[in-house]
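The primary structure of each chain is shown beneath.
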Amino acid sequence: MKKFIDLGAKGVNGFIFDTTGYEVYKIDPLLERGDRIINEAAWVFDGELEFTKCDREISSTHIREKRDWGKGEIIKVKCFNFPKWLEQFKDEYVVVKMNIEGAEIELLENMIETEKIKLIKELYVEWHSGKIAGMPGGYDERRIEICNKLNQLGIAWQKTGR
């Protein structure tokens with residue numbers, strides 16, 4: 001069965017994808033646990049992260065360089081090694097929607113470096129260029145490098161959101 005994995009599932013950005021025929025997984029630390037709902041942050045290791053839970057929960061993040069960091073309640077959330085978790089679907093057709101408020105940079109860099117990105121057949125990512133300042137290496141510079149590598153690897157990807 002095809003898999004649709006929604007990273008940052010609590011946020012709504014106008015992204016529409018017909019999930020008919022897909023097994024859907026929703027991943028967001030602010031969701032309540034349920035069937036195929038993981039209420040943890042998708043990250044590059046298993047553990048915990050400090051997380052700003054904003055009043056507008058769609059901007060909640062663990063990326064300190066994001067302009068919304070510290071504007072809400074700071075909580076601890078569990079995180080899990082998303083690239084490792086994704087391995088269970090190595091023989092499946094996997095589509096990932098990623099709207100994770102700045103964390104997309106480190107997660108995608110890790111997935112490219114470890115070649116786990118090749119487990120994804122289609123990637124829809126919302127970039128947060130205008131919301132990140134002072135990220136080491138520069139957010140936009142790293143984003144451009146990621147886009148170039150995705151293209152070189154032949155990964156089908158599209159920008160979503162604004």
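Residues numbered from 1 in each chain as written. Predicted model: local features only at pLDDT ≥ 70, side-chain atom pairs only at ≥ 80, totals over all residues. Heavy atoms only, no water.

(A) Broad picture of the overall build of the protein. Each helix and strand counted, the protein has 3 helices and 9 strands in total. Reading the helices (α) and strands (β) of the protein from amino to carboxyl end gives β-β-β-β-β-β-α-β-α-β-α-β. Here the protein holds 162 residues, and 50% of them are scored as buried. (Helix = DSSP H or I, 4+ residues; strand = E, 2+ residues; numbered from the N terminus. Buried < 20%, exposed > 50% of the residue type's maximum accessible area, 1.4 Å probe, protein only.)

(B) Up close: the sheet that holds strand E2 (residues 22-27). Spatially, E3-E2-E1-E7-E8-E9 is the arrangement adopted by the 6 strands of the open sheet, whose pairing is parallel. One side of each edge strand has no neighbouring strand; the edge strands of this open sheet are strand E3 (37-38) and strand E9 (156-159). Of the strand pairs in this sheet, strand E8 (residues 122-125) and E9 are connected by 4 bridges, and their pairing is parallel. What sits directly across from valine 125, in E9, is lysine 159. (Pairing = 2+ DSSP bridges.)

(C) Highlighting helix H3 (residues 139-153). Here H3 contains 15 residues, and its C-alpha end-to-end distance of 21 Å stays within 8% of the 21 Å for a straight helix at 1.5 Å per residue. Those residues of H3 that sit buried are Tyr139, Arg142, Ile146, Cys147 and Leu150. Buried residues of H3, seen end-on, are gathered within an arc of 140° and therefore sit on one face of the element. Residues of H3 that are exposed and point more than 90 degrees away from the buried face comprise Glu141 and Gln152. A positive backbone phi angle near 75° is found at glycine 154, which sits one or two residues after H3. (Expected span 1.5 Å × (residues − 1). Arc of directions from axis to C-beta.)

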